[in-house]
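So the chains spell out like this:
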Amino acid sequence: MKNILEILSEELVKAFEKAGYDTEFAKASVSNRPDLCQFQCNGAMALAKKYKKAPIMIANEVKDAIVSEYICDLEAVAPGFLNFNINGEKLAEYLADMAAAEDYGINKEKNKKKIVIDYGGPNVAKPLHVGHLRSAIIGESVKRICRFMNNEVIGDIHLGDWGLQMGLIITELKLRQPDLPYFDDNFTGEYPEEAPFTISELEEIYPTASKKTKETEADGKTLTQAAVEYKAAAMEATFKLQNGDRGYRAIWNHIMSVSVADLKKNYKTLNVDFDWWKGESDVQDDIAPMVEEMKKAGFAYESEGALVVDVARETDTKEVPPCMILKSDGAALYTTTDLATLKQRRSIFDPDRVIYVVDKRQEMHFTQVFRCAEKTGVVKDGMELDFIGFGTMNGKDGKPFKTRDGGVMRLEHLLKDIQEEMFKKITGNHDIDPDEAKEISEIVGLAAVKYGDLSNQATKDYIFDIDKFTSFEGNTGPYILYTIVRIKSILNKFKEMGGADNTKLLPAATATEKALSLELTKLHTMMSQAYTELAPHKICAYIYDVANVFNSFYHENKILKEEDKARQESFIELLKITKGVLELCIDLLGFSAPEHM
Ligand code: ARG
């Protein structure tokens, strides 16, 4: 449906026309002096030059010309503003239409697109850490927003499952259990179905192996002979794996099944879910033919032994180095897999748009990949490639978030810390069954983490502050959920009191009621911005405003004690819409509200 500003602007257009003025600037905007009026129009100021007239004169003429059911209290104010309010009945009518429409009448995408969202991006066999948290949280929200707007969306986790970490694990495993059949070249039987390690062993194997490749002599710089040899062995193992060694491939399958099961569990607790569980390994067979094509078409050429494609542009202000396709030893790189993945996505799904949600430090990588893909025809003409680069999640010291002893914080531990903090708060507030409190702290804890992240513009670094994020006051997830729970509880009580099911809005009577009604009508404009800019933080800012305005309304009106039945029902109706709008928004952010708190 039309948003409220469009409706008001149409009314202004009629008045400008009637007064004999160009209507180009007859636009309503939300007032930046809400103490004076709800809306304003600055059109008279913009027209002054053209008509060689004082803006206040124009404003006054428009004011005299206005005949509108929507616009009231119109004033022309020096130097030429038009200040006005919306008619209370019309506002109530608009809200009622919103409530009756599907998804509150939000206008969806007319040119429905096929979109792939590449997010999550964990590296198999390495524990999920907070660095992957942002990609998961932001990506999930962007996916939900795009899907809500009617697009056909695929979320792809794009696992890092083909790199050196696999060779490291194989090397360490061989050292520990050399008798396993995977290492016996003469073994021709069936390999065991059971993996030779558990997830916790696997998570210990990788860091141990990785540390062994970094051991230095007493000078702290030169790698030890053992480290050099270990790394060489790991590289050889990686090479053998990538070239189809049967035993290594079987170990790789074990690593994958053990890790993926664990990843699925972790993402589930985050309420993040993927449609595709593809990874770098899935495109290995596509690399050679792709490289061949790039060579044949003359895009890829040899430079210092490596194979590269030029992607610099004359307009570049910063150097964009050539995109490397193969290293001098013939090995494929991160760029190569990303290009081949784009090609594969095209053949499977043929997307109109691919959106990557990755650490902003990878921006140059994606600039190179996007340009190379466009230049070499890996993607079809006109396909959109977007990079949402996010900033770092820092600790209170302003440095990347670590555990207390300086280690890499595991995602599970971080969530657990938050949930424990929530549990303390919830059980401290009132008597509650511990099981129920635990369940609630999980829901609220997740909202605390997600909202804490999403309420910041993605590109910015932010400070992960448990005390702040778990607070029930201020711009936090728990505050938003608390507001929803408060509404739910009033609605339940109203029902218990025998209140009607069918409630109807009356024109708002009090200031806070008006303010809340008005705030709710801003949903449409906000949503279209959040979608165009792929900016979940806009949704957060909006629901924070809604929650604040609602809470003022709540404190100023005795909803359940209201004696005028019709007025009470109107309050209840307003509550229902507020709840629905908040719930829709938090769902797009990727969390939900409990029944109690
Ligand atoms: N696995 C990568 C990392 O941890 C992130 C993958 C992002 N997606 C992509 N298509 N490159 O850095």
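Look up a bit, the structure's there.
Residues numbered from 1 in each chain as written. Predicted model: local features only at pLDDT ≥ 70, side-chain atom pairs only at ≥ 80, totals over all residues. Heavy atoms only, no water.

A. Spatial organisation of the overall build of the protein. Looking only at helices and strands, one finds 20 helices and 13 strands in the protein. Across its three principal axes, the protein shows a C-alpha extent of roughly 95 × 65 × 45 Å. Out of the 597 residues in the protein, the part that is buried amounts to 50%. Partitioning the intrachain contacts of the protein with sequence separation of at least 6 by distance along the chain shows that 73% fall at a separation of at least 24. If you sum the accessible surface of the protein, you get close to 28,600 Å²; carbon and sulfur atoms cover 49% of it. (Helix = DSSP H or I, 4+ residues; strand = E, 2+ residues; numbered from the N terminus. Buried < 20%, exposed > 50% of the residue type's maximum accessible area, 1.4 Å probe, protein only. Contact = heavy atoms within 4.5 Å. Areas by Shrake-Rupley, 256 points an atom, 1.4 Å probe, with all protein chains shown as cover.)

B. Geometry of the sheet that holds strand E6 (residues 152–156). In space, the 4 strands of this open sheet follow the order E6-E5-E10-E11, with parallel pairing throughout. Only two strands of the sheet have a single partner each, and these edge strands are E6 and strand E11 (384–390). Put simply, the sheet's adjacent strands are angled 15 degrees from each other on average, direction ignored. Lying over the sheet, helix H11 (residues 334–348) contacts strand E5 (114–118), E6, strand E10 (353–359) and E11, oriented at roughly 145 degrees with respect to E10. (Pairing = 2+ DSSP bridges. Axes fitted to C-alpha atoms, helices over the stretch in contact; angles between N-to-C directions.)

C. Representation of the packing of aromatic side chains within the structure. As enumerated under the stated definition, the model contains 23 aromatic pairs in all. An angle of 85 degrees between the planes, with centres 4.8 Å apart, marks the rings of Tyr 21 and Tyr 51 as edge-to-face. You can see Tyr 21 sitting in the loop between helix H1 (4–18) and strand E1 (29–30) and its partner Tyr 51 sitting in helix H2 (residues 43–51), a full 30 residues away along the chain. Note on Tyr 21: relative accessible area 6%, which makes it buried. Measuring from ring centre to ring centre gives 6.3 Å for Tyr 267 and Trp 277, while their planes differ by 70 degrees; the resulting arrangement is edge-to-face. With Tyr 267 in helix H9 (residues 246–269) and Trp 277 in the loop between H9 and helix H10 (284–296), this pair connects stretches of sequence that are 10 residues apart. (Phe/Tyr/Trp six-rings, centres within 6.5 Å; stacked < 30°, edge-to-face > 60°.)

D. View of a positive patch on the surface. Together, Lys 126, Lys 214, Lys 231 and Lys 327 line one region of the surface with positive charge. With respect to the helices and strands, the residue Lys 214 is situated in the loop between helix H7 (199–212) and helix H8 (225–242). (Patch = residues over 30% accessible without salt bridge, like charges linked within 9 Å, V, L, I, M, F, W, Y side chains within 5 Å. Salt bridge = Lys/Arg side-chain N within 4 Å of Asp/Glu carboxyl O. Lys, Arg positive; Asp, Glu negative; His and termini not counted. Charge placed at Lys NZ, Arg CZ, Asp CG, Glu CD.)

E. Structural context of the environment of Gly 139. Structurally, Gly 139 is set in helix H5 (residues 130–148). Since its relative accessible area comes to 0%, Gly 139 is described here as buried. Sequence separation between Gly 139 and Leu 173 is 34 residues; the distance between their C-alpha atoms is 35 Å.

F. Seen up close, the site of the ligand. What surrounds the ligand is the set Asp 118, Gly 121, Asn 123, His 132, His 158, Tyr 334, Asp 338, Tyr 356, Val 358, Gln 362 and Phe 366. Separating a nitrogen atom of the ligand from a side-chain N or O atom of Asp 338 is a distance of 2.8 Å. Interatomic distance of 2.9 Å between a side-chain N/O atom of Gln 362 and an oxygen atom of the ligand. Listing elements by their share of the shell around the ligand, those giving two or more residues are H11 and E10. Looking at the shell around the ligand residue by residue, the class counts come to 4 nonpolar, 5 polar and 2 charged. (Near = heavy atom within 4 Å. Polar contact = N/O pair within 3.5 Å; in protein donor to acceptor, adjacent residues only side chain to side chain. Nonpolar A, V, L, I, M, F, W, Y, C, P; charged D, E, K, R; others polar.)

G. Representation of the pairing of strand E7 (residues 300–303) in the model. Pairing analysis gives 4 bridges linking E7 to strand E8 (residues 306–309), with the strands arranged antiparallel. Across the sheet, the residue bridging to Tyr 301 is Val 308, located in E8. The loop that links E7 with its antiparallel partner E8 comprises 2 residues; one of these, Glu 304, has a positive phi angle of about 50 degrees.

H. Layout of the environment of Val 30. Inspection of the secondary structure puts Val 30 in strand E1. Contact partners of Val 30, with chain neighbours within four places excluded, come to Leu 5, Gln 38, Phe 39, Gln 40 and Lys 522.

I. Spatial organisation of the side chain of Ser 441. With respect to the helices, strands and loops of the structure, Ser 441 is situated in helix H14 (residues 434–454). Polar side-chain contacts of Ser 441 include one of 3.2 Å to the backbone oxygen of Lys 438.

J. Quick look at the packing of helix H6 (residues 164–176) against H8. Packing of H6 against H8 brings their axes to within 7 Å, and their N-to-C directions diverge by 110 degrees. Judged on the interaxial angle alone, H8 and H6 are roughly perpendicular. Of the two possible hands of crossing, H6 and H8 adopt the one that is right-handed. Along its contact with H6, which presents Leu 164, Met 166, Gly 167, Leu 168, Ile 170, Thr 171, Glu 172 and Leu 175, the element H8 presents Tyr 230, Lys 231, Ala 233, Ala 234, Met 235, Ala 237, Thr 238 and Leu 241. (Parallel < 35°, antiparallel > 145°, perpendicular 65-115°, else oblique. Left-handed = near helix turned anticlockwise from the far one by under 90°.)

K. Highlighting the pattern of salt bridges. Counting across every chain of the model gives 41 salt bridges. We note a salt bridge from Asp 35 to Arg 33, for which the minimum N-O separation is 2.8 Å. Ionic pairing is found between Asp 359 and Arg 361, a salt bridge with its closest N-O pair at 2.6 Å. The class for Arg 361 is exposed, based on a relative accessible area of 64%. Because the salt bridges share partners, they merge into one network encompassing Glu 140, Lys 143, Arg 144, Asp 273 and Asp 587.

L. Expanded view of H6. Its 13 residues place the ends of H6 19 Å apart at the C-alpha level, agreeing with the 18 Å of an ideal helix rising 1.5 Å per residue. Of all the positions in H6, only Gln 165, Met 166, Gly 167, Leu 168, Ile 169, Ile 170, Thr 171, Glu 172 and Leu 173 are classed as buried. Among the structural elements, H7, H8 and H9 are those in contact with the buried residues of H6. (Expected span 1.5 Å × (residues − 1).)

M. Main features of the sheet that holds strand E3 (residues 71–77). Strand order across the open sheet formed by 4 strands is E1-E2-E4-E3, with antiparallel pairing between neighbours. Each having just a single partner strand, E1 and E3 make up the two edges of the open sheet.

N. Spatial organisation of a negative patch on the surface. Judged by side-chain charge, Asp 433, Asp 435, Glu 436 and Glu 439 come together as a negatively charged surface patch. Tracing the chain through its elements places Glu 436 in helix H14. Using a relative accessible area of 31% as the deciding quantity, one classes Glu 436 as partly exposed.

O. Layout of the environment of Ala 447. Structurally, Ala 447 is set in helix H14. Its relative accessible area of 0% is what places Ala 447 among the buried residues. For the pair Ala 447 and Glu 304, spaced 143 residues apart in sequence, the C-alpha to C-alpha distance is 51 Å. Excluding its chain neighbours within four sequence positions, the residues that come into contact with Ala 447 are Gly 452, Gly 477, Leu 481 and Phe 591.

P. Region of the structure containing the nonpolar core. Ranked by size, the top nonpolar core spans 153 residues in total, and within it Leu 523 and Met 527 carry the most contacts. If we ignore the near neighbours within four places in the chain, the residues touching Leu 523 are Met 98, Tyr 104, Ile 106, Tyr 542, Val 581 and Cys 585. Judged by nonpolar contacts, the second largest core, of 32 residues, contains Ile 154, Ile 287, Leu 307 and Ala 373. (Core = buried A, V, L, I, M, F, W, Y, C linked by side-chain atoms within 4.5 Å.)

Nothing here speaks to function; it is all geometry.
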